[in-house]
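Here is how the chains run, residue by residue.
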Amino acid sequence: MPFTFTRLQIPDLILIEPTIFEDERGFFLETYKLNNFASIGIFDFFVQENHSFSYRDVLRGLHYQNPPKAQGKLISVIKGEIYDVAVDIRKGSPDFGKWVGVNLSENNRSILYIPQGFAHGFCVLSESAGVIYKTTEFYTPALEAGIIYNDIDLKIDWPITNPILSEKDKNWPEFKKVDFGFYFNSRRGY
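Residues numbered from 1 in each chain as written. Predicted model: local features only at pLDDT ≥ 70, side-chain atom pairs only at ≥ 80, totals over all residues. Heavy atoms only, no water.

Caption draft 1: Spatial organisation of the sheet that holds strand E10 (residues 99–105). Pairing in this open sheet of five strands is antiparallel, and the strands run E10-E8-E12-E6-E14 from one edge to the other. Of all strands in the sheet, those bounded by a partner on one side alone are E10 and strand E14 (144–146). Pairwise comparison of adjacent strand axes, ignoring direction, gives a mean angle of 30° for this sheet. (Pairing = 2+ DSSP bridges. Helix = DSSP H or I, 4+ residues; strand = E, 2+ residues; numbered from the N terminus. Axes fitted to C-alpha atoms, helices over the stretch in contact; angles between N-to-C directions.)

Structure follows, in structure tokens:
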């Protein structure tokens, strides 16, 4: 199989390590393969792919898109390194309000799968970073939402001290002030 799948501390979050074929010309790897992903329970159909570029200490997030157009994401880094965070916002989940953070980089070439029902954000650890992510729904501005990155209840341990934020990201509400529209389903996860 061209991938190693590892369930993280929140089991619905999956770290994916592709098999890398390298030689004197460079390398080749598969970043997505439906049958392999389905074997671990990822049946999502991805409809949009985005590419963001950010400089060191930029922090983007914590973002999510509300139902009925909630987004699952498949995230990878093609340049640089980021610290990527997912927060469980599914009511009734045993992990509601908990978060997981992983380093994704052009060197480790790992991919993070985040299903619907999670807020997502990342900060840039290298001079710059290019991030590619697939989504399961089209971007719908009217359903865009977020949580303040430094929420005192979430206690996310960001590895940077003075993040560069957009005006929007500076003004998201606190976790406890949001009535999330996601519900945990023990069979499906969301």
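On we go.
Caption draft 2: Structural context of the packing of aromatic side chains. In this structure the tally under the stated criterion is 12 aromatic pairs. The interplanar angle of 85° and the centroid separation of 5.2 Å between the aromatic rings of Phe3 and Phe37 together place this pair among those described as edge-to-face. A residue pair is termed long-range when its members are at least 10 positions apart, and Phe3 in strand E1 (residues 3–7) and Phe37 in helix H1 (residues 34–39) qualify at 34 residues. Given the relative accessible area of 0%, Phe37 is considered buried. Ring-pair connections join several aromatic residues into one group, and the members of that group are Phe3, Phe5, Tyr32, Phe37 and Phe46. Over the face of the ring belonging to Phe27 we find Arg109, whose NZ or CZ atom lies 3.8 Å from the ring centre. (Phe/Tyr/Trp six-rings, centres within 6.5 Å; stacked < 30°, edge-to-face > 60°. Buried < 20%, exposed > 50% of the residue type's maximum accessible area, 1.4 Å probe, protein only. Lys NZ or Arg CZ within 6 Å of the ring centre and 35° of its normal.)

Caption draft 3: View of the environment of Phe180. Take Phe180: it is sitting in the loop between helix H2 (167–170) and strand E15 (182–183). Remark: the alpha-carbon pair of Phe180 and Ala145, spanning 35 residues in sequence, is separated by 9.8 Å. For Phe180, the residues in contact, after removing those within four places along its chain, are Tyr64, Ile89, Lys91, Phe96, Ile147 and Phe175. (Contact = heavy atoms within 4.5 Å.)

Caption draft 4: Broad picture of the sheet that holds strand E2 (residues 14–18). Spatially, the six strands line up as an open sheet ordered E1-E2-E11-E7-E13-E5, and their pairing is antiparallel. Unpaired on one side and paired on the other, E1 and strand E5 (48–55) mark the two borders of the sheet. Ignoring which end each strand starts from, the neighbouring axes of this sheet average 25° apart. In this sheet, E2 lies alongside E1 in antiparallel orientation, the contact comprising five bridges. Within the sheet, the bridge partner assigned to Phe5 lies in E2 and is Ile16.

Caption draft 5: Expanded view of the pattern of salt bridges. The tally for this structure, following the rule as stated, stands at 13 salt bridges. Between Lys91 and Asp179 there is a salt bridge whose closest N-O contact spans 2.4 Å. On the criterion of sequence distance, the pair formed by Lys91 in strand E9 (residues 90–91) and Asp179 in the loop between H2 and E15 is long-range, its members being 88 residues apart. Residue classification places Asp179 among the exposed residues on the basis of a relative accessible area of 63%. Asp95 is paired through a salt bridge with Lys98; the nearest N and O atoms lie 3.8 Å apart. (Salt bridge = Lys/Arg side-chain N within 4 Å of Asp/Glu carboxyl O.)

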